[in-house]
Amino acid sequence: MGALPVALSLFATFHSAISLLGTPAEVYTYGTMIVYSTIVPSLSFLFMIVTSVPLFYPLKLTSVNEYLERRYNSKFVRILGTFLGIISSVSYMTISLLSPGLALQTVAGLPLWLSIVVIGLIGTFYTTIGGLKSVIWTDVFQTFIIFGGIIVILVKGSYDSGGIENVMKVAADNSRMIFDDIRIDPRVRHTVWDQSIGGFVYWASLGFSQSTVQRISSVKSPQQANGVFFLSVPLAFLYKTVLILSGLVLVAYFFVTECDPLAAGYVTNANQLMPYFVMLTLGFLPGLPGIYIATIFSGALSTLSSGLNSLAANTVEDFLSHCLTKKSEATVTFITKIIVSIYGLGIIGLAYLLREFSGPVTQLTYSAISAASAPLTGLFFFGAAFPQAEVVGGLFGISVGLAVNIWLTLGSFMYGSRAPRLPLGTTVGCSSANTTSAWAVARNVSSAVTSPSTGLTGIMRSTTKTITYFRTDKEFSLYDLSYSWSPVIGVTVTVIAGLFGSVIYRTLSKSPVTSDPALLFPWAKRLWCIKDIALDSPKETNVTKGDQELAVITSLKSYSS
């Protein structure tokens, strides 16, 4: 594959319906501190160029967890990595599948269960029959649909709200334009620090995921692999910027029309604000809201198809490879298709069970993925950055990292304080009809935008609502930590605990430091003064494992001393 289609596919995989719904809702309810997340994905992609590409491309892995087995010389570590990767992927895909269901329920009045089943079956079907190449090319098509849809919505919403200048003024007057929260208290939901540092670690962890490594291995050269991430930088920046502007348009539109749908009860979930807004602005022309539905479908299907393909590859390579060694290619392919179908049906069921969730989907995704993937990322990073890493230390590190992350994640959901939302708008301009249907109130609210009696006078009205910020005088509790720190905690604890365990084990066992230089980051080899010796796998050459270890020990002699 070429760099451009793979870059578009990678973009579509990691920017799903979750962000299409969650980011504008986040801006509407909590303000624009999330703007710093537009920068960190770009930096993370550049970080992958010096970490993931030089590490994984030469290895030509089918499953990213093959690396764990080779680095730690342990089949158990590989299986553990596969298990955690599956949990992380299934969590992400479940939330991604739920998001378009919420949108369709609002816009088209379809039952949530029906939306989940239809979208899930479509994604499962074409992933089953097409494989990775079909996933990449459908992702490319869906990327254009995603950008086209949100740009149409942004332009029409800005026009109905009096132009982009008025959008900014209304957002500022209603305290949504927040860029300067530099408090160092880790309990504050969004600050410059947790959005920058936490966001960077979160996005960098995707460089060690199965979906990313599959795409790195699918291009023709390391230079094209680098090109994939270079192209991803402007894509991610543009996408995040457009979504944040869409959130500001939501604020301007509903405050100008003096009809806040959350306050009025027209929607009960902040994640439904964007599809509700689409009905009000695009509903005047039959079929036009279908552009937004296509956008949501594309975001969900791209994530679902890529995830299912990755899960099938992991399962076949990591769990069933020994059983399928002597099977024909047709048999293996058939079994893989069955596995894709099973995962697809399972995710459909999980999405339905999660249907009552009403919190921010971005926060839920961040927390759910980080609980499992952050310690796993720490295990990859520990092995690739530190030649001291060995199996005992690695297992100790990821055990501690998992325990801490899961404890904090569950504790925050059960006992943590909820961050206060920004004040909602007025409802004086809303319809008096007792209904929650967007169709029923679209005509009333749309007329309020253009009515000479109301016009855009709402823009000039200064709000006097009291904004409640996080109280820093509260008794400190770990359960109140911002969810944005979850990936940082998981990776840091895993690496430190792993390093501690490895040093203690090597000291007690008096075993030398041995690691294949091919399994280390290039910059780590320079840092630890390790010569880059080309060592092939024993099963592919006549070099014995003992010869390999002797060569590696020799290359590490200066470091060991």
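Scoring rules and cut-offs
Residues numbered from 1 in each chain as written. Predicted model: local features only at pLDDT ≥ 70, side-chain atom pairs only at ≥ 80, totals over all residues. Heavy atoms only, no water. Helix = DSSP H or I, 4+ residues; strand = E, 2+ residues; numbered from the N terminus. Salt bridge = Lys/Arg side-chain N within 4 Å of Asp/Glu carboxyl O. Buried < 20%, exposed > 50% of the residue type's maximum accessible area, 1.4 Å probe, protein only. UniProt positions renumbered as here; feature names shortened; annotations may be inferred. Axes fitted to C-alpha atoms, helices over the stretch in contact; angles between N-to-C directions. Parallel < 35°, antiparallel > 145°, perpendicular 65-115°, else oblique. Contact = heavy atoms within 4.5 Å. Nonpolar A, V, L, I, M, F, W, Y, C, P; charged D, E, K, R; others polar. Disulfide = S-S within 2.5 Å. Phe/Tyr/Trp six-rings, centres within 6.5 Å; stacked < 30°, edge-to-face > 60°. Core = buried A, V, L, I, M, F, W, Y, C linked by side-chain atoms within 4.5 Å.

Undergrad: What's the story with unusual backbone geometry in this structure? I'm lost.
TA: In most cases, non-glycine residues show a negative phi, while peptide bonds are predominantly trans. Phi at S175 takes a positive value of approximately 60°, unusual for a residue other than glycine. Its identity is not glycine, yet E258 carries a phi of approximately 55°, on the positive side. Assignment of secondary structure puts E258 in the loop between α11 (222–256) and α12 (261–264).

Undergrad: In this structure, what is going on with the pattern of salt bridges? I would like to understand it.
TA: Where charged atoms of side chains with opposite charge meet at close range, the side chains can pair. Applying the stated criterion across every chain yields a total of eight salt bridges. In this structure, the salt-bridge partner of R78 is D318, at a minimum N-O distance of 2.7 Å. With R78 in helix α6 (residues 75–107) and D318 in helix α14 (residues 289–319), the pair connects residues that are 240 residues apart, well separated along the chain. With respect to burial, R78 and D318 carry one shared label: buried. Notably, a salt bridge pairs K156 with D160, separated by 2.7 Å at the nearest N-O pair. You can see K156 and its partner D160 sitting in helix α7 (residues 112–160), four residues apart, about one turn around the helix.

Undergrad: How do you make sense of the UniProt feature "signal peptide" (unreviewed entry) in the chain when you look at a structure like this?
TA: On the UniProt side, "signal peptide" (unreviewed entry) is annotated at positions that read residues 1–19 here. End C-alpha atoms of residues 1–19 are separated by 27 Å, and the span's content is 79% helix alongside 0% strand.

Undergrad: Help me understand the packing of helix α3 (residues 40–50) against α11 in this model?
TA: α11 packs onto α3 with a crossing angle of 175° between their chain directions and a minimal axis gap of 8 Å. Between α3 and α11, the angle falls in the class roughly antiparallel. Contact residues: α3 offers P41, S42, F45, L46, M48 and I49, while α11 offers N226, F229, F230, S232, V233, A236 and F237. A per-class count over the contact of α3 with α11 returns ten nonpolar, three polar and no charged.

Undergrad: Is there a simple way to explain the state of the cysteines in this structure?
TA: Joining two cysteines, a disulfide is a covalent bond between their sulfur atoms. Taken as a whole, this structure holds one disulfide when the rule is applied. Note on cysteine connectivity: C259 is disulfide-linked to C430, with sulfurs 2.0 Å apart. The S-S bond linking C259 to C430 shows a torsion near 110°; that makes this disulfide right-handed. Here C430 lies in the loop between α17 (391–415) and α18 (438–450) and C259 lies in the loop between α11 and α12, a separation of 171 residues in the sequence. C259 sits in the buried class, given a relative accessible area of 2%. C430 gets classed as buried once you look at its relative accessible area, which sits at 16%.

Undergrad: I keep staring at the packing of aromatic side chains and nothing clicks. Help me out?
TA: One pair of aromatic rings is described through two measures. These are the centre distance and the angle between the planes. Inspection of the entire model under this criterion finds 27 aromatic pairs. Relative to F380, the ring of Y67 has its centre 5.9 Å away and its plane inclined at 25°; by these criteria the two rings are stacked. Of this pair, Y67 sits in helix α5 (residues 66–72) while F380 sits in helix α16 (residues 361–385), and the two are 313 residues apart along the sequence. Given a relative accessible area of 0%, Y67 falls into the buried group.

Undergrad: What exactly am I supposed to notice about the nonpolar core here?
TA: Burial of nonpolar side chains together is a common tendency in soluble globular proteins. Counting 72 residues, the largest nonpolar core has Y28, Y239, F254, L273, F277 and I347 as its most contacted members. Here the element with the most residues in this core is α11; it accounts for 14 residues. Setting aside residues no more than four positions away along its own chain, Y239 makes contact with F11, H15, S16, S19, L20, I146, F147 and I150. With 38 residues, the next largest nonpolar core counts F56, V201, L376 and I530 among its residues.

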